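Residue-level structural notes
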Amino acid sequence: MSFWDRIKPAERPTSATEAELSHEGTQLHLTWDDGVKTHATAQHLRQQCPCAGCVDEWTNQRTLDATKVPADVRVTLVQPVGNYALTFAFSDGHSTGIYPWKLLRELTQSPSA
């Protein structure tokens, strides 16, 4: 047990060990540290963006109209955010969402992903 585990005991969340974009940037494939493999479309990820521009910070209500996200939206860049999340740049110019591992696991396991 490390020093940090003793002062902040918490179960570590499942995290992705590999993130791979399809050649076209339309699909994200994740491999998790528990061996599970999941995926989601770029459109689904963009529709579920958790940033303050897409979700009201006070009410937690989605302000982004998901029907306005084009079916051909692509992920153009994937970057890690510390050890807890990924961020994406989308072909529609949006790039402010931070997707924590827990949210990514939910989004990439859902039937509509």
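See above for the structure.
Because the structure is predicted, anything quoted here is derived from the model rather than measured.

So, on to unusual backbone geometry. The backbone phi angle of Asn-60 is positive, close to 65°, even though this residue is not glycine. For Asn-60, a relative accessible area of 61% translates into the label exposed.

The next point concerns the packing of aromatic side chains. Evaluated as defined, the whole model comprises three aromatic pairs. Ring geometry for Trp-32 versus Trp-101: centroids 6.0 Å apart, planes at 80°, classification edge-to-face. Placement of Trp-32 in strand β2 (residues 27-32) and of Trp-101 in helix α3 (residues 101-109) is noted, with a sequence separation of 69 residues between them. Note on Trp-32: relative accessible area 2%, which makes it buried. Trp-101 gets classed as buried once you look at its relative accessible area, which sits at 10%. Each ring, one from Phe-88 and one from Phe-90, has its centre 6.0 Å from the other, and the planes form 50°; the classification is tilted. Looking at Phe-88, the relative accessible area reads 2%, which means it is buried.

Within strand β5 (residues 85-90), six of the six residues are buried, leaving the element largely enclosed by the surrounding structure. Here β5 shows two buried faces, one formed by Ala-85, Thr-87 and Ala-89 and the other by Leu-86, Phe-88 and Phe-90. Direction of pairing for strand β4 (residues 75-81) relative to β5: antiparallel, over a ladder of six bridges. Bridge assignment links Val-81 to a residue of β5, and that residue is Ala-85.

For side chains of opposite charge, pairing can occur when their charged atoms come near one another. For the coordinates displayed, the defined rule picks out two salt bridges. Between Asp-92 and Arg-46 there is a salt bridge whose closest N-O contact spans 2.8 Å. In this pair, Asp-92 sits in the loop between β5 and β6 (98-100) while Arg-46 sits in helix α2 (residues 42-47), placing the two residues 46 residues apart along the sequence.

The three strands lie next to each other as β4-β5-β6, forming an open sheet whose pairing is antiparallel. Where the open sheet ends on each side, the last strands, each with one partner, are β4 and β6. With strand direction ignored, the average angle separating the axes of adjacent strands in the sheet is 30°. Sitting on the sheet, α3 is in contact with β5 and β6, with an inclination near 85° to β6.

This next bit is on the sheet that holds strand β1 (residues 16-21). Working definition: the strands of a sheet are paired by backbone hydrogen bonds and lie parallel or antiparallel to each other. Overall, antiparallel pairing links the three strands, which are arranged β1-β2-β3 in an open sheet. If you trace the sheet from one side to the other, it starts and ends with β1 and β3 (37-41), each paired once. Recorded for the sheet is a direction-independent mean angle of 20° between the axes of neighbouring strands. As judged from the five bridges shared by β1 and β2, these two strands associate in the antiparallel manner. Of the residues in β2, the one forming a bridge with Glu-18 is Thr-31. Lying on the sheet, α3 is in contact with β1, β2 and β3; it crosses β2 at an angle near 120°.

Definitions and limits used
Residues numbered from 1 in each chain as written. Predicted model: local features only at pLDDT ≥ 70, side-chain atom pairs only at ≥ 80, totals over all residues. Heavy atoms only, no water. Buried < 20%, exposed > 50% of the residue type's maximum accessible area, 1.4 Å probe, protein only. Phe/Tyr/Trp six-rings, centres within 6.5 Å; stacked < 30°, edge-to-face > 60°. Helix = DSSP H or I, 4+ residues; strand = E, 2+ residues; numbered from the N terminus. Pairing = 2+ DSSP bridges. Salt bridge = Lys/Arg side-chain N within 4 Å of Asp/Glu carboxyl O. Axes fitted to C-alpha atoms, helices over the stretch in contact; angles between N-to-C directions. Contact = heavy atoms within 4.5 Å.

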